[in-house]
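Here is how the chains run, residue by residue.
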Amino acid sequence: KPDSTVIFPADLVLIAIGYSGVEETFGVEMNSGKYETKSYATSNPGIFAAGDCRRGQSLIVWAIREGREAAEEIHSFLSQ
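Residues take numbers from 1 onward in each chain, read along the sequence in its written order. With the structure being a predicted model, the display of local features is reserved for residues of pLDDT at least 70 and the display and counting of side-chain atom pairs for 80 or more, all residues being used for whole-chain, interface and lining totals. No hydrogens and no water enter the side-chain calculation; it runs on all heavy atoms of the structure.

K.L.:
Sorry if this is basic, but what is going on with the overall build of the chain here?
P.N.:
Looking only at helices and strands, the chain features three helices and two strands. Strands here mean DSSP runs of E at least two residues long; helices mean DSSP runs of H or I at least four residues long; both are numbered from the N terminus. Going from the N terminus to the C terminus, the chain shows its helices and strands as α-β-β-α-α. In this scheme, a residue with accessible area under 20% of its type's maximum is buried, one over 50% is exposed, and one in between is partly exposed, where area comes from a 1.4 Å probe on protein chains only. Taking all 80 residues of the chain together, the buried fraction comes to 14%. In this analysis, two residues are considered to be in contact whenever any of their non-hydrogen atoms come within 4.5 Å of each other. In the chain, once contacts between residues fewer than 6 apart in sequence are set aside, the share between residues at least 24 apart is 23%.

K.L.:
Which parts of the structure should I look at to understand the side chain of E66?
P.N.:
Structurally, E66 can be placed in helix α3 (residues 60-78). We classify E66 as buried; its relative accessible area is 3%.

K.L.:
I'm lost on α3 in this one. Help?
P.N.:
The α-helix winds at 3.6 residues per turn, so residues separated by three or four positions along the chain end up facing the same way. Expected span of a helix: the number of residues minus one, times 1.5 Å. End to end, α3 covers 26 Å across 19 residues, agreeing with the expected 27 Å (1.5 Å per residue, within 8%). Residues E66, A70 and I74 constitute the buried set of α3. Viewed along the axis of α3, the buried residues span an arc of 80 degrees, placing them on a single side of the element. Those residues of α3 that are exposed and aimed more than 90 degrees away from the buried face are V61, R68, E72 and H75. Packed against the buried residues of α3 are α2 (52-55). The directions considered for the arc are those from the helix axis to the C-beta atoms.

K.L.:
Where do I start with the pattern of salt bridges in this structure?
P.N.:
Two side chains bearing opposite charge may form a pair once their charged atoms approach each other closely. Any carboxyl oxygen of Asp or Glu that lies within 4 Å of a side-chain nitrogen of Lys or Arg is treated as forming a salt bridge with it. Within this structure, the stated rule accounts for one salt bridge. Here R65 makes a salt bridge to E69, at a shortest N to O gap of 2.9 Å. Remark: E69 and R65 occur in helix α3; sequence separation between them is four residues, near one turn of the helix.

Right, here's the structure in full:
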């Protein structure tokens, strides 16, 4: 809809949408259709990736595990 943009101020945003082209929005490098990450941190500081967008399509249990591990990395990043 025209004029339907709403901006919400936030200190932290978690986007759980799988493959959606956010790499252009956030300037994150990809390799073979997956986000390049080291310890779930992407090439853009403060942007993290986990699950299918990081490792490719897999079982939900891997996505859950990666989500938990990414949460620990995010916590460490925010605690600095």
